[in-house]
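Tertiary structure, described
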Amino acid sequence: MANDSSALIAGQARATSQNEQGDRTARSVIVVLAGLYVAQAIPIYLVAAAMPAIFRAQGISLVSIGSMALLMLPWVIKFLWAPIVDRYSIPALGRRRSWIIPMQLISVGIITYLSTLNVAEQLHILFPLLMVLALSSSTQDIATDGFAVEHLAPKDQPLGNAVQGGSVAAGVLIGGSLSLFLHDLWGWSFAVKTAAGLSFLTLLPLLFFKENPRKDKGANDESKPRPSIVGFVKRHNALMLLFFALLFRLPEGLVKGVEQAFLVDFGFSLSQIGMVSGGAAACVGLGGSAIAVVLIKRAGLMQFLWLIGTLRTLCFLGYASVALLDYRGVAVLVGLSAANTFIRYMEIVGLYSAFMRVSSLKQAGTDFTILSCANLFVYMLGSVAAGVIAQYSGYGILFSLATICSVAGILASMHFFKKASIGKGQQTAVDADLSTTSPIKT
């Protein structure tokens, strides 16, 4: 009996030790992910949020500034080379570090070089450099998302995605707002070099982290298929996953694509819009990400997404109402903008948690990238359509259409969500499907 008691106590002690070690590992992964997502968010928002305003102040044409939208192309088509990122690596560095470290160093190097340019006089070399920056950042994102899927247990994935949302907010503040502030004080070179330095510093946690990815059942099977887009398409319910990714966020671009122009037309100054968007990203967005983690853990992912769809529809209805009534109350407009940001950050946590749950550990970067690219693609389509509809039909018609599309989108996407069994939070079945060539069930 004494021996049995001793064995039981020893077993409990080992379990406690393993749980504590697991918690420490999870915290380390979260710290690394926070650094990586901030590292890639800084150059993104330096280009997307700060440079257009700086370039315009230097007299660069609106045509040239508008063409910068093409820099999003690598982010939309990055799924094409995601299998390469999953497939090849340098063992001494680690599967994900092999891509993340070189790509981030390339990004930092390009940003540093940009600080030496006279933008107005050397515009001809600016765009090629920014395109290389977009390629390196998007490639790093593939590896970072793969790292997240491989190192975060399902129970920690909502927190990991909340960290990603918070890192985006940090990128907006550092790459966008801080760069503009520093540019006004000390000029282009100082502002851009500061962004480069901060982007490098956030990479440091990864340099001291040893990769230890979660394993799937076929991890030691040398005959397992190589990562590929075909591998995703052949998987059970792949079409269900894609339809969910395409439909859920379809109406969002109809509002977000013209939100700032709408505020301008309704009497807001550029500085007021900057304060609203920057403050929302820093406070409201971060709060939304944190609340999303709690709600997903307590209510479950499916119920959470239903809630987000409902809140988003009500927000869009609010936009439609003020546009149709031509209501210009500052408090209401600021409230709608803040609510839209709050909901969007919560939505990102939920969507990326779903994408992580269905991404195979055998090709995590490829699977997650395909789904996130589909998500981004429809968002961009909505943004492009928003400008055309608002120009010829007005904001009231546009926002009313967005409200209707939001209702239809949530109903249709959640139908596919249920059929794809995304809410189970386990990847065992996913990996089993990838190792077979069964036809897709619809």
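Scope of this entry: the structure provided in the associated data block. It should be emphasised that the depicted structure is a prediction, and the values quoted were computed from it without experimental measurement. (Residues numbered from 1 in each chain as written. Predicted model: local features only at pLDDT ≥ 70, side-chain atom pairs only at ≥ 80, totals over all residues. Heavy atoms only, no water.)

1. Some words on the environment of A49
- Along the chain, A49 turns up in helix α1 (residues 2-57).
- Between the alpha carbons of A49 and V172 there is a distance of 7.3 Å; along the sequence they are 123 residues apart. (Helix = DSSP H or I, 4+ residues; strand = E, 2+ residues; numbered from the N terminus.)

2. A word on the nonpolar core
- In terms of nonpolar packing, the biggest core is built from 79 residues, with F244, F262 and F399 touching the most fellow members.
- If one sorts the elements of this core by residue count, helix α16 (residues 330-357) sits on top with 11 residues.
- Those residues within four positions of F262 in sequence are excluded, and the remaining contacts are Y319, V322, A323, L333, Y395 and F399.
- Core analysis: the second largest hydrophobic core is formed by 26 residues, I42, A50, I54 and L133 among them. (Core = buried A, V, L, I, M, F, W, Y, C linked by side-chain atoms within 4.5 Å. Buried < 20%, exposed > 50% of the residue type's maximum accessible area, 1.4 Å probe, protein only. Contact = heavy atoms within 4.5 Å.)

3. Re helix α5 (residues 97-114)
- Its 18 residues place the ends of α5 25 Å apart at the C-alpha level, agreeing with the 26 Å of an ideal helix rising 1.5 Å per residue.
- Residues of α5 that are buried include every one of R97, S98, I100, I101, M103, Q104, S107, V108, I110, I111 and L114, and no others. (Expected span 1.5 Å × (residues − 1).)

4. Some details on the side chain of R312
- Tracing the sequence through the fold places R312 in helix α15 (residues 301-325).
- On the accessibility criterion, R312 (2% relative accessible area) is buried.
- Side chain to side chain, R312 and E347 meet in a polar contact 3.0 Å long. (Polar contact = N/O pair within 3.5 Å; in protein donor to acceptor, adjacent residues only side chain to side chain.)

5. What about unusual backbone geometry?
- Non-glycine residue D326 carries a positive phi angle of around 55 degrees.
- With respect to the secondary-structure elements, D326 resides in the loop between α15 and α16.

6. Some details on the environment of G300
- As for its position among the elements, G300 is in the loop between α14 (270-299) and α15.
- Remark: the alpha-carbon pair of G300 and G350, spanning 50 residues in sequence, is separated by 9.9 Å.

7. Some remarks on the packing of helix α11 (residues 238-248) against helix α17 (residues 364-393)
- At a minimum axis distance of 7 Å, the contact between α11 and α17 shows a crossing angle of 35 degrees. Like other packed secondary-structure pairs, α11 and α17 cross with a definite hand, here right-handed. Side by side, α11 and α17 meet where L241, L242, A245 and L246 of the first sit next to I370, L371, A374, N375 and V378 of the second.
- Across the contact of α11 with α17, the residue classes tally to eight nonpolar, one polar and no charged. (Axes fitted to C-alpha atoms, helices over the stretch in contact; angles between N-to-C directions. Left-handed = near helix turned anticlockwise from the far one by under 90°. Nonpolar A, V, L, I, M, F, W, Y, C, P; charged D, E, K, R; others polar.)

8. Examining the packing of aromatic side chains
- Scanning the model with the defined rule gives 16 aromatic pairs in all.
- Relative to F209, the ring of F147 has its centre 5.6 Å away and its plane inclined at 70 degrees; by these criteria the two rings are edge-to-face. Placement of F147 in helix α6 (residues 123-151) and of F209 in the loop between α9 (204-207) and α10 (229-233) is noted, with a sequence separation of 62 residues between them. This pair shows no difference in class: F147 is buried, exactly as F209 is.
- Measuring from centroid to centroid gives 6.5 Å for F266 and Y395, while their planes differ by 75 degrees, and the two rings are edge-to-face. Pair noted here: F266 is in the loop between α13 (259-265) and α14 and Y395 is in helix α18 (residues 395-419), with a separation of 129 residues, a long-range link. Neither residue differs from the other here; F266 and Y395 are each classed as buried.
- Members of the aromatic cluster, each reached through a chain of ring pairs, are F262, F266, Y319, Y395 and F399.
- One Lys or Arg, R312, reaches over the ring of F248 and ends 5.2 Å from the middle of that ring. (Phe/Tyr/Trp six-rings, centres within 6.5 Å; stacked < 30°, edge-to-face > 60°. Lys NZ or Arg CZ within 6 Å of the ring centre and 35° of its normal.)

9. A look at the environment of R249
- Residue position: R249 is located in the loop between α11 and α12 (252-256).
- The exposure class of R249 is buried, given its relative accessible area of 9%.
- Spatially, the C-alpha atoms of R249 and L351 are 9.2 Å apart, while their sequence positions differ by 102 residues.
- Other than its neighbours up to four places away in sequence, R249 contacts R312, R344, E347, I348, L351, N375, V378 and Y379.

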